[in-house]
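Understanding the architecture of this molecule
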Amino acid sequence: MDIRRATRDDLEQIITLLRYGFAPAVQPILIEDIQGTFEETSCIPFVAVTDGKIIGHARIRYINPDKAHFGSLVVDEVHRNRGIATALSNARLTYLRENNFQGIAYSDAVSLHPYSQQQLFCVGFSPIRVHLGSLPDHGAGPETSVGFLR
């Protein structure tokens, strides 16, 4: 498996991952967001690739020069529980270090997906807040979101 910066040529496969990895209520928002990623200099997308197939995606969005949001993390269901999400987060942290980022990195993880929280713990993030019912329907009603900071 290789982790690399995503390109516009990866867009179709990334959208497919988002469709299968997120609840129907949030898919249109994420798909619209990812389509704009390649025009924005504030977004740095990454993909995990094996045998020419994109099996994971994550991005950094600079909110301002000292705030970087980690988001849009998704791993193909068949390839989960193999450290791919952690590898994507490590790639994002390496990118920040190599570009002398001096601010804070933060992320959100829904409690419905405990592995998204675990990979944030693995790369040094700490929980900072909990938003009850802050996200659209994830299949079982409003979902709790946990905020993380590093």
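In the block above lies the structure referred to throughout.
Keep in mind that this is a model prediction, so the values were computed, not measured. (Residues numbered from 1 in each chain as written. Predicted model: local features only at pLDDT ≥ 70, side-chain atom pairs only at ≥ 80, totals over all residues. Heavy atoms only, no water.)

1. Here we look at the pattern of salt bridges
Applying the stated criterion across every chain yields a total of five salt bridges. Close ionic contact of Arg-61 with Asp-33 constitutes a salt bridge, the shortest N to O distance being 2.8 Å. Of this pair, Arg-61 sits in strand E3 (residues 53-64) while Asp-33 is found in helix H2 (residues 27-37), placing the two residues 28 residues apart along the sequence. With relative accessibility at 19%, the residue Asp-33 sits in the buried group. Arg-61 is the partner of Glu-40 in a salt bridge, and the nearest nitrogen-oxygen pair spans 3.3 Å. Placement of Glu-40 in the loop between H2 and strand E2 (43-50) and of Arg-61 in strand E3 is noted, with a sequence separation of 21 residues between them. Assessed through its relative accessible area of 30%, Glu-40 is described here as partly exposed. Salt bridges sharing partners connect three or more residues here, namely Asp-33, Glu-40, Arg-59 and Arg-61. (Salt bridge = Lys/Arg side-chain N within 4 Å of Asp/Glu carboxyl O. Helix = DSSP H or I, 4+ residues; strand = E, 2+ residues; numbered from the N terminus. Buried < 20%, exposed > 50% of the residue type's maximum accessible area, 1.4 Å probe, protein only.)

2. Let's talk about the pairing of E3
Pairing between E2 and E3: eight bridges, direction antiparallel. From the neighbouring strand, Cys-43 faces E3, where its bridge partner is Arg-61. Where E2 folds back on E3, the antiparallel hairpin that results is connected by two residues, among which Asp-51 adopts a positive phi of roughly 50°. Looking at chain direction, E3 and strand E4 (residues 67-75) are connected through seven bridges and run antiparallel. When the bridges of E4 are listed, His-57 appears paired with Val-74. Connecting E3 to the next strand, E4, in antiparallel fashion are two residues. (Pairing = 2+ DSSP bridges.)

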